[in-house]
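An overview of the molecular structure
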Amino acid sequence: MNRIKIISYLLLVISILAILYALIFNPPSWIVYAIAIVFIPLFIASFGVLTMAKPIEDEKEERDEEPFIGY
């Protein structure tokens, strides 16, 4: 789980930097489109993984005792 958090934080930072680059430096339109297609969904996905990785206090023991099997 630690490795997933590190990768998610890294992808979150990279996607934020790419989005800010597209907003601030005014690159050609094809670069802006590529950033929008790749990095905006990557930002949303990495933020979602980080949000889901934080256990609720009531569920902390349950997550330690048994693996996640889905719902």
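Quick summary incoming for the structure in this document. As the structure is a computational prediction, the values presented were derived from the model and not from experiment.

**A short note on the overall build of the protein**
A tally of regular secondary structure across the protein gives three helices and zero strands. Reading the secondary structure of the protein in the N-to-C direction produces α-α-α. Counting the 71 residues in the protein, one finds 14% classified as buried. When the accessible surface of the protein is totalled, it reaches about 6,100 Å², and 70% of it is carbon and sulfur.

**What to know about the packing of aromatic side chains**
For the structure shown, the criterion picks out two aromatic pairs. Each ring, one from Y21 and one from F25, has its centre 5.6 Å from the other, and the planes form 40°; the classification is tilted. Judged by its relative accessible area of 59%, F25 falls in the exposed class. For the pair F43 and F47, a centre-to-centre distance of 6.3 Å together with 10° between the ring planes defines the contact as stacked. You can see F43 and its partner F47 sitting in helix α2 (residues 29-53), four residues apart, about one turn around the helix.

**Remarks on the packing of helix α1 (residues 2-24) against α2**
Between α1 and α2, the shortest axis-to-axis distance is 8 Å and the interhelical angle comes to 145°. You can see that α1 and α2 cross each other, and the crossing is left-handed. For the contact of α1 with α2, the class distribution of residues is 21 nonpolar, three polar and one charged.

**Quick word on the environment of S15**
In this structure, S15 sits in helix α1. Given a relative accessible area of 0%, S15 falls into the buried group. Taking C-alpha positions, S15 is 5.0 Å from F39, a pair spaced 24 residues apart along the chain. Apart from the residues within four sequence positions on either side, S15 is in contact with F39 and F43.

What counts, and where the lines are drawn
Residues numbered from 1 in each chain as written. Predicted model: local features only at pLDDT ≥ 70, side-chain atom pairs only at ≥ 80, totals over all residues. Heavy atoms only, no water. Helix = DSSP H or I, 4+ residues; strand = E, 2+ residues; numbered from the N terminus. Buried < 20%, exposed > 50% of the residue type's maximum accessible area, 1.4 Å probe, protein only. Areas by Shrake-Rupley, 256 points an atom, 1.4 Å probe, with all protein chains shown as cover. Phe/Tyr/Trp six-rings, centres within 6.5 Å; stacked < 30°, edge-to-face > 60°. Axes fitted to C-alpha atoms, helices over the stretch in contact; angles between N-to-C directions. Left-handed = near helix turned anticlockwise from the far one by under 90°. Nonpolar A, V, L, I, M, F, W, Y, C, P; charged D, E, K, R; others polar. Contact = heavy atoms within 4.5 Å.

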